[in-house]
Amino acid sequence: MFFQRSMPMLLQALGLAQIITCCFAWNMIHPVVSRHHRCVLPKNNFFGTPSSVLTMSTSEMPRTETVTDNDDDAGGDRTTVAVPVSIDEEKEHRKLQGKLLKQLRQVALEYDMLNDGDHIMVCVSGGKDSATLLYLLKELQQRLPVSFQLTAVHVDQKQPGYNGTSLVQWLEHDMKVPFHVVEEDTYSIVVDKTKDGKSYCPVCSRMRRGILYTTAMKLGCNKIALGHHADDAMETLLLNMIHGGQMKGMPARYTAQRGNLGVLRPLMGSFEEDIAKFAQYKQFPILPCNLCSNQANLQRPQVKLLVSTLSSLNPNAKRNLLTAMQNVRPTHLLDTTLREACGLDPITGQISQDRQSEVSDAIGAWMVEEDNDDENT
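Residues numbered from 1 in each chain as written. Predicted model: local features only at pLDDT ≥ 70, side-chain atom pairs only at ≥ 80, totals over all residues. Heavy atoms only, no water.

(A) Spotlight on the layout of surface pockets. Volume-wise, the second largest pocket comes out at about 830 Å³. Looking at the second largest pocket, it is lined by 33 residues, and the ones nearest its centre are Leu237, Ala324, Met325, Gln326 and Val328. Of all the secondary-structure elements, those providing two or more residues to the lining of the second largest pocket are α3 (87-110), α8 (230-244) and α11 (317-324). (1 Å grid on protein atoms, 1.4 Å probe; cavity = no way out; pocket = protein on both sides within 12 Å on 5 of 7 lines; lining within 4 Å. Points joined across faces, edges and corners; volume = space filled by probe spheres on them. Helix = DSSP H or I, 4+ residues; strand = E, 2+ residues; numbered from the N terminus.)

Okay, here's the thing in structure tokens:
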């Protein structure tokens, strides 16, 4: 009789022990996953038992993101897998997107980039910067009380091994924006026209820019958006100063002589590090450039190293460099033509008498600041 009564209890105890053993074993192997899966267990879940998951509220459940895996060559077929994302990660992603959107909106407002009736051609190269730009512009398109049209354009330059399938699928199915792929064999011309030991980039960029201008006019676009960011601007400034003897960077907006097209760089207030993190989170399709990536001793990577070195000396170096490009003091530079253009005497730097009424209050403020600077040195 005792045996008959105790048998069910014994079986329950054995079953519970087996469940706990299995759960413990799963918890041990759980972190060992493939490179496509990042598993995040809920907090306060020691064994990861089904009962603890069932009692979780909806807000505590781990979220998932979609990961796109491209082949190592220039963009293969897309493989999509579900990847669990922790709540903290999701908050960080939303925060980063909000930061980038705010920066883009500030630049767009400051340089009057987005207006009613605009048809903006977004140049999508297949890199992280232009993909981020298109995504953010589409987000603003849905949020701003301004009606403008977006059209994405990608140039297939016929590089060896090129495969733009993943990019086309992303534009069509994920972004769902009008897009055009322009096929032009610039690769052969660039290789033929570039001298040995010289960078392909200058010839390549000029040819690509001409194709983009022509395409924009054919599509009836009045503006072109490029994916250059703050790092590009300061690196270009340093390159021109070191190798060209000019203080010339990248403007956030200018008007192209050809077609009177407005050329926009809405990411001028954003840094490459943030853009790279955002692109990785969103898993944008990336098409590697097989032209310049195969060249050694390029100048821009060397300048990137220089900027990185400056950042090690001062963590705010990059931010200060960007601010300096917006905070120029003509009176403390040697360019007499610039002084004259600003309404200053080209020799002394004083406000010209004949143009005093044209000089803004800002130049007067410069004079006061610089007098104080001289006293403190």
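(B) Looking closely at the pattern of salt bridges. According to the stated counting rule, one finds 13 salt bridges in the structure shown. Between lysine 158 and glutamate 183 there is a salt bridge whose closest N-O contact spans 3.1 Å. Note that lysine 158 is positioned in the loop between β4 (149-156) and α5 (165-175) and glutamate 183 in strand β5 (residues 179-183), a separation of 25 residues in sequence. (Salt bridge = Lys/Arg side-chain N within 4 Å of Asp/Glu carboxyl O.)

(C) Summary view of the nonpolar core. Of all hydrophobic cores here, the largest spans 39 residues; its most connected members are Leu114, Ile120, Val122, Leu134, Leu136 and Trp170. Where this core is concerned, the elements lending two or more residues are α3, β3 (119-123), α4 (128-143), β4, α5 and α9 (272-282). Considering each element in turn, this core owes the most residues, seven residues, to α4. The contacts of leucine 136, once residues within four sequence positions are left out, are Leu100, Leu101, Leu104, Leu267 and Phe278. By size, the runner-up hydrophobic cluster in this structure holds 15 residues, among which are Cys123, Val155, Cys221 and Leu226. (Core = buried A, V, L, I, M, F, W, Y, C linked by side-chain atoms within 4.5 Å. Buried < 20%, exposed > 50% of the residue type's maximum accessible area, 1.4 Å probe, protein only. Contact = heavy atoms within 4.5 Å.)

(D) How the structure looks around the sheet that holds strand β7 (residues 253-255). Spatial strand order, β5-β4-β3-β6-β8-β7: six strands in an open sheet with mixed pairing. Each end of this open sheet is capped by a strand with a single partner; those strands are β5 and β7. Taking each pair of neighbouring strands and ignoring which way they run, the sheet shows an average axis angle of 25°. By the bridge criterion, three bridges tie strand β6 (residues 223-225) to strand β8 (residues 262-264) in an arrangement that is parallel. Pairing of alanine 225 across the sheet is with leucine 264, part of β8. Relative to the sheet, α5 contacts β4 and β5, its axis offset from that of β5 by approximately 155°. (Pairing = 2+ DSSP bridges. Axes fitted to C-alpha atoms, helices over the stretch in contact; angles between N-to-C directions.)

(E) Representation of the packing of aromatic side chains. Using the criterion set out here, one finds four aromatic pairs in the structure. Taken together through their ring pairs, the aromatic side chains of Tyr135, Trp170, Phe278 and Phe284 make up a single cluster. (Phe/Tyr/Trp six-rings, centres within 6.5 Å; stacked < 30°, edge-to-face > 60°.)

(F) Summary view of the packing of helix α10 (residues 299-313) against α11. With their axes 8 Å apart at the nearest point, α10 and α11 run at an angle of 110° to one another. Taken together, the axes of α10 and α11 lie roughly perpendicular to each other. In contact with Val307, Leu310 and Ser311 of α10, α11 contributes Ala317, Lys318 and Leu321. Looking at side-chain class alone, the contact of α10 with α11 contains four nonpolar, one polar and one charged residues. (Parallel < 35°, antiparallel > 145°, perpendicular 65-115°, else oblique. Nonpolar A, V, L, I, M, F, W, Y, C, P; charged D, E, K, R; others polar.)

(G) Just the environment of threonine 255, in detail. By the secondary structure assignment, threonine 255 is in strand β7. Taking the relative accessible area as the measure of exposure, threonine 255 reaches 48% and is therefore partly exposed. With 32 residues separating them along the chain, threonine 255 and lysine 223 place their C-alpha atoms 8.9 Å apart.

(H) Looking closely at the confidence of the model for the protein chain. Mean pLDDT over the protein chain works out to 78, with 69% of the residues at or above the 70 mark. Averaged pLDDT values over the elements of the protein chain bottom out at 36 in helix α2 (residues 50-54) and peak at 98 in β3. Predicted confidence for residues 19-82 stays below pLDDT 50, and this span has 91 contacts to residues more than four positions away or in other chains. (pLDDT = per-residue confidence, 0-100.)

(I) Expanded view of the pairing of β3. Summarising burial for β3: five of the five residues are buried, a large majority. The two faces of β3 match: His119, Met121 and Cys123 on one face and Ile120 and Val122 on the other face are all buried. Two elements, β3 and β4, share five bridges in a ladder whose sense is parallel. Across the sheet, the residue bridging to histidine 119 is glutamine 149, located in β4. Considered for its hand, the β-α-β crossover made up of β3, α4 and β4 is right-handed. As paired strands, β3 and β6 are joined by three bridges and run parallel to one another. If you follow methionine 121 over to β6, its bridge partner there is isoleucine 224. (Right-handed = clockwise from strand over helix to strand, strands pointing away.)

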